[in-house]
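# A structural walkthrough
Each chain is listed here by its residues.
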Amino acid sequence: MTDLLDQSAIAQLTALRTGDISARDLMSATLDRIEARNPAVNAIVALQDRDTLLAAADAAKDGPLKGLPIAVKDLAETKGITTTYGSPIFAHNVPAADNPMVANLRAAGAIIIGKTNTPEWGLGSHSYNSVYGVTLNPYDLSKSAGGSSGGAGVALATRMTALADGSDMMGSLRNPAGWNNVFGFRPSYGLVPNAGPGEAFLHQLSTNGPMARHMDDLELLLSVQAGFDPSHPHAVGPYQKAERIGTLKIGWLADWGGAYPMEPAVSDLCAAACEVLAGLGHEVVALDPPFSAPALWDSWLTLRHWAVAEKFRPLYEDPNKRQLLKPEAIWEIESGMSLTGQQIQHASTIRSDWFRKTAAMGVDVLALPSAQILAFDAGLDWPKHINGTTMDTYHRWMEVVVPASLTGLPALSVPAGFGPDGTPMGLQLIGHRGTDARIIALGKAYEQATDWTSHAP
């Protein structure tokens, strides 16, 4: 049974369908593994009791994920399971209903066993909070696992789960995938609908998406997540597989002409990964910076401040709750509250100019590292310097993910190998809006040519 846990989600589901194992057996083995491995890494939190989960396995619903145990990122509401958002304000919050994405997972037959750890409100790419503590990198327990889907990435890398959901505003599906040697996919905005009431036009920086150790598994989870939702007007699902992708032109942007401070090992690993793509017959070309990096950052910072401030203003305006917010959250909120309409308009104009630029570019895919440094010391709140360059915000070291996030482009992080310290790194493959299936097909071919994920922690 333990060998089966090391295999793909599809292999586990096949064994369930053929009757080689029962859902109860798979659940029991999964819980045994979590008991053995989770204490060292702190990836899975709010784990439900064994008897409850075994009973749920016995009653698993029919569907493409029938009987598969999944832990959900602790930013998504789960009925009857504590959902803290990494915040002490919600340390004892037990939702009465599922988030729509979680409801889709349950409807597909998945069994929600608990949550995966995340930074407070998903702010920052280092998964620590005052409720559950820090999640550690399984390849080096002194290092960060990334974030904000850090718990998800570690659960996959340690073979405690075979699939994981995540969300991505600023690389939160991509950086932890890279640092945990798995795949993480930020879909085109609207493919995975964020259903619910409220404003639906202005804030399009964040999306849910899948993570997995294997691309076929990732595509399976995406197909569940990307069902058409009529309550979400931007929904463009369902996801459709690509039959053929042909020869693609891939633009390698490295460090954006020196604009992004970057550790040499990161550039070297990702350049080598691009050579693998060239070896598959694709045309890889080195690109000059296609747009002003400072302009992209200014636009991003303004729009992120604005989005965060509008979401968390009620907490900030309550003095008792404000004192429980981490400093980075307060900085984002206060910065957003000070913005003028003209500043927001200017930021969105830059975003629009960049969107037009990407649409007109003569390449099919852009390639960039998934982070600018290898995994840093887990005892830090965030890295303050890269190669002597001071990071002026808690997330500046993740600037490399902004080009995709700013305009809702599909971006897949694929494993790119290991640095001198033995920790993994990832490469972003960024497509045009709506070319999700093409990017996933490219990731499948890359996986077959590399098989990095067989290198377990």
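## Some points on the overall build of the protein
Per the secondary structure count, the protein includes 15 helices and 17 strands. Projected onto the principal axes, the alpha-carbon positions of the protein cover approximately 60 × 55 × 45 Å. Residues counted as buried form 59% of the 457 residues belonging to the protein. Across the protein, contacts joining residues at least 24 apart in sequence account for 76% of those joining residues at least 6 apart. Accessible area of the protein: about 16700 Å², with a carbon and sulfur share of 52%. Averaging the positions of the 33 positive and the 46 negative side-chain charges in the protein gives two centres separated by 4 Å.

## A few points about the pairing of strand 8 (residues 163–168)
Along strand 8, six of the six residues are buried, which leaves the element largely enclosed by surrounding structure. Examined bridge by bridge, strand 8 and strand 10 (residues 207–212) share six bridges and lie antiparallel to one another. Residue pairing in the sheet places Asp168 in a bridge with Thr207 of strand 10.

## Here we look at the nonpolar core
One finds Leu65, Leu105, Trp397, Leu427 and Leu429 to be the most contacted residues of the largest nonpolar core, which totals 132 residues. With 13 residues, helix 10 (residues 293–316) is the single largest residue contributor to this core. Apart from residues no more than four positions distant in its own chain, Leu65 is found in contact with Leu13, Ile70, Leu105, Ala108, Gly109, Ala110, Leu163, Leu220, Leu221 and Val224. Among the nonpolar cores identified, the runner-up in size contains seven residues, and Ala152, Leu173, Val182 and Met211 belong to it.

## Section: the pattern of salt bridges
Counting across every chain of the model gives 21 salt bridges. In this structure, the salt-bridge partner of Arg33 is Asp6, at a minimum N-O distance of 2.6 Å. Placement of Arg33 in helix 3 (residues 23–41) and of Asp6 in the loop between helix 1 (2–5) and helix 2 (9–18) is noted, with a sequence separation of 27 residues between them. Here Arg186 ties to Asp168 by a salt bridge, and the two come within 3.0 Å at their closest N and O atoms.

## Regarding the layout of surface pockets
The volume enclosed by the largest pocket comes to roughly 1400 Å³. Taken together, 49 residues make up the lining of the largest pocket; nearest its centre are Asn194, His203, Ser206, Asn208 and Lys311. Only helix 5 (100–107), strand 8 and helix 10 provide two or more residues apiece to the lining of the largest pocket. Examining the composition of the lining of the largest pocket, we find that six residues originate from one element, helix 10, more than from any other. Among the residues making up the lining of the largest pocket, the classes are represented as 22 nonpolar, 19 polar and eight charged.

## Here's the deal with the sheet that holds strand 16 (residues 411–418)
If you trace the eight strands from one edge of the open sheet to the other, you get 8-10-9-16-17-13-11-12, paired in mixed fashion. The open sheet has two edge strands, strand 8 and strand 12 (283–286), and neither has a second partner. For this sheet, the mean inter-axis angle between neighbouring strands, taken without regard to orientation, is 25°. Relative to strand 10, strand 9 (residues 183–186) runs antiparallel, the two sharing two bridges. Residue Phe183 lies in a different strand from strand 10, and its bridge partner there is Ala212.

About the thresholds
- Residues numbered from 1 in each chain as written.
- Predicted model: local features only at pLDDT ≥ 70, side-chain atom pairs only at ≥ 80, totals over all residues.
- Heavy atoms only, no water.
- Helix = DSSP H or I, 4+ residues; strand = E, 2+ residues; numbered from the N terminus.
- Buried < 20%, exposed > 50% of the residue type's maximum accessible area, 1.4 Å probe, protein only.
- Contact = heavy atoms within 4.5 Å.
- Areas by Shrake-Rupley, 256 points an atom, 1.4 Å probe, with all protein chains shown as cover.
- Lys, Arg positive; Asp, Glu negative; His and termini not counted.
- Charge placed at Lys NZ, Arg CZ, Asp CG, Glu CD.
- Pairing = 2+ DSSP bridges.
- Core = buried A, V, L, I, M, F, W, Y, C linked by side-chain atoms within 4.5 Å.
- Salt bridge = Lys/Arg side-chain N within 4 Å of Asp/Glu carboxyl O.
- 1 Å grid on protein atoms, 1.4 Å probe; cavity = no way out; pocket = protein on both sides within 12 Å on 5 of 7 lines; lining within 4 Å.
- Points joined across faces, edges and corners; volume = space filled by probe spheres on them.
- Nonpolar A, V, L, I, M, F, W, Y, C, P; charged D, E, K, R; others polar.
- Axes fitted to C-alpha atoms, helices over the stretch in contact; angles between N-to-C directions.

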